[in-house]
Amino acid sequence: MDMALFSAERSYCEEARSALARGEAGLAEMLARALATADAPILAGLLLEEAGAAGADLTVAARVAAAIWQGVDQPVTLALQGERNPWGIAATPFTAENGQGLNGAALAVPGSSAPCDIVFAYRDADGRPSAGRIAADHPALSSSDLICADRSRLHLVHMQALPLTDLAKPATAQPEQLLDLAALCAAALMTGFARQAMTLAVAHAKDRRLFGRTLGEFQVTRHLAADMLMDVEASTLLAREAFWATARYAGPGHLAAQAKLVANTRCVGICRTAQQMLGGAGFVHGNRVHDLYRRALTASLIFGTTPDHAHRLADAVTGGEVQPRMTAPMLSTLSTEEVLL
Amino acid sequence: MDFSYAPRTHGLRSDIRAFLALHLTDDLLPVLQAGQAGDPAFRAFHDLVLAQGWVAASWPVAYGGQGQDAETQYVIEEEFWRRGLRVGGAGTAAAQILQSGTEAQRQHFIPRIIRRDYRFAPALTEAIAGTDLAGVACRAQRRASGDYVLNGEKTYVSGVGSATHFLLVARTGTPADRARGLTVFLVDKSLPGITTHPMATVQTEPRAPAGTVFGQSRLDRVVFEDCTIPLDCRLGDENGGWGVIANSSAHERATPRTWMAAVARTEEFAARLAAKPDRGSAEERLALGQLWAEGQAARLLAMRCLSLGRGGAGGGEAAMECIWTAEYVIRATEQIAQLEGPSAQLLDGTGIGDGGLLAHSLLGAPQTATHHGGTRALRDQIAARCLNLKERC
């Protein structure tokens, strides 16, 4: 057991930091490098942490989730949920009814600024969840732009009588796994937002003086900062364990829900605290901490809210997917090779 | 990064489970959980476990340990704690003696602690010096002969009933010296001049049922009156006591017991919901999901301390685990109790519900926030050590 980053992982993070500054080309290069390794999900998770710290939006999470799921990086949009709760495989946005093709509407998180395919979750005529892929310019689709709280863009995609025969079925057609990965990738991105917001707030606390002292000399500030660090570390550990499990087993499973649930509450809280520590500056348009708070807020509501993931976990724990014991994942029923309980 | 346990520990888990299936009878379990180390049945079981090499697994062979790694000991502690048994570590005071003791003290005390011939109770806190250990007033005066004479009293001392010794911190400098005027002693409980006075706690009447895991059924006030302590029972340098206590406390914290105790009520709550035909109401399932995720974070924060190595988690990581776990257990017990309703506050002996397990946990959970100096002091540690935010920057 070694939960610190290995030297190759640390080097990858350092290079990712530089590469992300080069925009799309840097991201594509680092993602390709991650996918070429046996531990692709672990490196992809670290890439998302760095992307979050750099202020990327959910587009990157969607792209990385699709890349891990498919094993290759092809620009796609993910359309996995409707515009309201719940999130999960039981609530696919599109359904096939009476052999008339697929119908429904979904929020689509852009995977690329260029026109690309849409990977989506649907329920087939027999009610089985599935995943499909279709070109965004298919005549059965129409979409409108939505402006998010973090000023990133989503699309509301309408689907009307899309023939099932027009769909490309991805090689690994496991929609549950794709949903888990999307949630997990958003969680990793959020830990990056939170860590960066904390870093900026702590730097401010060391610099800003009031009543003859720096802000950081007040115990209340130090304790807020300690809480921010504790929360970001806890969120990060949950996300990293889920990526590690993805690399080792079939997918993150319920570990993704754990990571997203805690990121939803703690990472948003960290960004909010950081914003408060900055005072008025935290509420000024363009301030980095303010922007990170917006990012976290939006991400907490996409790919599963807190109640969505709480119910997902309750299903797993009470429904036999895992035993009601908080063991490490290799000791739960997630693994078949090392089941010891 | 690698979140897996080393393959060498896999067979160990099976071995321990087989051992417990054979030796841990229903009659024996309450005796062991009561923690009365002087009880013959307790001693006999401990000797069996000792013979398996499962006590002090990561401790040096030279002092009676098994010379294995920290991960092995963690797995042993985890497996025994699943049955409510505190097995695996060397014992109270062993870490401080290993780090700060003379070679003679190590040779004398540590093997006896491991065998449970010696059982230490931590006598650190005083009525006016808990979180602020630097405010300790209990005084040890050095005589010309080299011995010390101890006067004063300690409060909230746990494990006194079965203890043979105290790990005691006393003032040897002036009050103005604060942390620089403290010294640690290994005090034989049978010395003249020591009286113990049991204090009733929230878990005393009725006594908390086994498995409550939070709060002590008995704490003691211990009074020292002209108690003479031999020089060779001083641990570390005179006035060097702060370092003895501060540097070894992180060593004790790389254990699964804290987080496993913290999630016990949540796991039971999960099992209760799983047994219901509808697997719980929407409210119950929402609470379970949130508590489950946050409990898993407690597990990971503890495993991170283990991953850093025993004694290597002094940078604030152990403090994070302590705070997260303490605040989790308070929140979890209160939330579960609110969902369970009126029976959740019925203490042991009423014959309704779970025998008072949840009610006693409700009463005891807040005590966890006072451990290791309290969450306020732990937050100061994190801010100072990890973020370089200090009282005076």
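Note that the coordinates shown come from a computational prediction; the quantities given were computed from them, not determined experimentally.

(A) Representation of the packing of aromatic side chains. All chains considered together, the criterion is met by 13 aromatic pairs over all chains. Measuring from ring centre to ring centre gives 5.6 Å for tryptophan 87 of chain A and phenylalanine 303 of chain A, while their planes differ by 50°; the resulting arrangement is tilted. Taken as a pair, tryptophan 87 of chain A in the loop between strand E1 (76-81) and strand E2 (94-96) and phenylalanine 303 of chain A in the loop between helix H8 (288-301) and helix H9 (306-318) lie far apart in primary sequence, 216 residues in all. Across the pair, exposure class does not vary: tryptophan 87 of chain A and phenylalanine 303 of chain A are buried alike. A ring pair is formed by phenylalanine 19 of chain B and phenylalanine 45 of chain B, whose centres lie 6.0 Å apart and whose planes are at 50°; its orientation type is tilted. Remark: phenylalanine 45 of chain B occurs in helix H3 (residues 40-51) and phenylalanine 19 of chain B occurs in helix H1 (residues 8-23); sequence separation between them is 26 residues. A relative accessible area of 4% means that phenylalanine 45 of chain B is categorised as buried. Taken together, Phe19, Phe45, Trp54 and Phe80 of chain B form an aromatic cluster joined through their ring pairs. Against the face of phenylalanine 218 of chain A rests arginine 213 of chain A, its NZ or CZ located 4.2 Å from the ring centre. The aromatic ring of tyrosine 5 of chain B is capped on one face by arginine 13 of chain B, whose charged end is 4.7 Å from the ring centroid.

(B) Looking closely at the packing of helix H4 (residues 70-81) of chain B against helix H8 (residues 257-275) of chain B. Residue and element names in this part refer to chain B. H8 packs onto H4 with a crossing angle of 25° between their chain directions and a minimal axis gap of 10 Å. If you check the angle between H4 and H8, you find them roughly parallel. Here H4 and H8 pass one another in a crossing that is right-handed. Here H4 contributes Tyr74, Glu77, Glu78 and Trp81 to the contact with H8, which in turn contributes Arg257, Trp259, Met260 and Ala261. Taken together, the residues of the contact of H4 with H8 sort by class into 5 nonpolar, no polar and 3 charged.

(C) Looking closely at the pairing of strand E3 (residues 102-109) of chain A. Residue and element names in this part refer to chain A. In this structure, E1 lies alongside E3, joined through 3 bridges in antiparallel fashion. Its bridge partner lying in E3, alanine 79 is registered against alanine 108. With 3 bridges connecting them, E2 and E3 associate as antiparallel partners. Residue pairing for E3: phenylalanine 94 is matched across the bridge by glycine 104.

(D) Up close: empty space enclosed by the protein. All names here are of chain A. Enumeration according to the criterion identifies 4 cavities of 30 Å³ or more in this entry. For the second largest cavity, the full set of lining residues is Asp57, Leu58, Thr59, Val109, Pro110, Cys148, Ser152, Arg153, Leu154, Thr298 and Ile302. Of all the secondary structure elements, the ones that give two or more residues to the lining of the second largest cavity are helix H4 (58-70) and strand E7 (153-162). Of the residues assigned to the lining of the second largest cavity, the class counts are 6 nonpolar, 3 polar and 2 charged.

(E) Representation of the confidence of the model for chain B in the model. In the predicted model, chain B carries a mean pLDDT of 90, and the fraction of residues at 70 or more is 96%. ipTM for the predicted complex: 0.94, alongside a pTM of 0.94.

Parameters and conventions
- Each chain carries its own residue numbering, running from 1 in the direction its sequence is written.
- All chains are assigned letters beginning at A, and all ligands numbers beginning at 1, according to the order in which they are written.
- pLDDT decides what is reported in this predicted model: residues at 70 or higher carry local features, side-chain atom pairs at 80 or more are listed and counted, and totals for whole chains, interfaces and linings draw on all residues regardless.
- By convention in this description, side-chain values take in all heavy atoms of the structure and omit both hydrogens and water.
- Think of it this way: a Phe, Tyr or Trp ring, Trp meaning its six-membered ring, pairs with another when their centres are within 6.5 Å, and the plane angle makes it stacked under 30 degrees, edge-to-face over 60, tilted otherwise.
- Under the DSSP-based scheme used, a helix requires at least four consecutive residues in state H or I and a strand at least two consecutive residues in state E, with every element numbered from the N terminus.
- Classification of residues uses two cut-offs on accessible area relative to the type maximum, computed with a 1.4 Å probe and protein chains only: under 20% is buried, over 50% is exposed, and between them is partly exposed.
- Counted as over-ring charges are cases with an Arg CZ or a Lys NZ within 6 Å of the ring centre that also lie within 35 degrees of the ring normal.
- As a rule, the C-alpha atoms of each element are fitted with a line to give its axis, helices using only the stretch in contact, and angles between N-to-C directions run from 0 to 180 degrees.
- Any angle between 65 and 115 degrees counts as roughly perpendicular, while under 35 counts as roughly parallel, over 145 as roughly antiparallel, and the rest as oblique.
- Should the near helix be turned counterclockwise from the far one by less than a right angle, the crossing is left-handed, whereas a clockwise turn marks it as right-handed.
- Only heavy atoms matter for contacts: two residues are in contact if any of them lie within 4.5 Å across the pair.
- Classification used: nonpolar for Ala, Val, Leu, Ile, Met, Phe, Trp, Tyr, Cys and Pro, charged for Asp, Glu, Lys and Arg, polar for all others including Gly.
- By this definition, two strands are paired if DSSP reports at least two bridges between them.
- Cavities and pockets are found on a 1 Å grid laid over the protein atoms alone: a cavity is a set of points where a 1.4 Å probe fits but cannot escape, a pocket is an open set with protein on both sides within 12 Å along at least five of seven lines, and a lining residue has an atom within 4 Å of such a point.
- Grid points are joined across faces, edges and corners, and a volume is the space filled by probe spheres set on the points.
- pLDDT is a per-residue confidence score from the predictor, ranging from 0 to 100.

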